Amino acid sequence: MPFELFWELHQREQIREAASAAGRARSAAAAVGQEIEDLRRLVEKNLMITEALWTLVRDKLGWSDDRLAERVIEVDLKDGQLDGRVRRGARPCAACGRMLGKDRLSCLYCGAVSKDVFGTAAGHPGDAATTPPASSRPPRSGRSR
Ligand SMILES: [Zn+2]
């Protein structure tokens, strides 16, 4: 086989492999793009539901948007950092006190099922009271009802 023919066959094989790899990359990129679009729609739906729930609570209980903002900061700080993110960590089992992995819904040791759907055993500041004393709240500012 002359060298030129061998080289030509080699080049064609290289081109075929490159075209195949490009096709796989296009498919993977399309799948990721679809996943991002699905997540975007889910986030938008959750934002709508959250806003609907908040406006119901606000209108029903007469709470202000400032109070919501304060609560958001409290929730943000539950992981120790005010950074707009909630990092879930290990937490103690409510029944036996042993540590549960961040994604476990039931205890490996005693079998208790966690009711802590947010992954924070500490609970939520202000859960017991519907309205803190006015003296503990900062003065109102901005939009509120
Ligand atoms: Zn347990």
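Residues numbered from 1 in each chain as written. Predicted model: local features only at pLDDT ≥ 70, side-chain atom pairs only at ≥ 80, totals over all residues.

Colleague: What am I meant to see in the overall build of the chain here?
Modeller: On a plain count of helices and strands, the chain comes out with two helices and two strands. Each helix and strand of the chain, ordered N terminal to C terminal, gives the series α-α-β-β. Looking at the 145 residues of the chain, the share that counts as buried comes to 3%. For the chain, restricting intrachain contacts to residue pairs at least 6 apart in sequence, the fraction spanning at least 24 positions comes to 33%. (Helix = DSSP H or I, 4+ residues; strand = E, 2+ residues; numbered from the N terminus. Buried ≥ 20, exposed ≤ 12 C-beta atoms within 10 Å, placed from the backbone. Contact = placed C-beta atoms within 7 Å.)

Colleague: What exactly am I supposed to notice about helix α1 (residues 3-61) here?
Modeller: An α-helix turns once per 3.6 residues; consequently, residues spaced three or four apart project the same way. An ideal rise of 1.5 Å per residue puts 87 Å on 59 residues; α1 measures up with 85 Å between its terminal C-alpha atoms. α1 sits mainly on the outside: zero of its 59 residues count as buried. Two residues or fewer past α1, G62 is found with a positive phi of approximately 75 degrees. (Expected span 1.5 Å × (residues − 1).)

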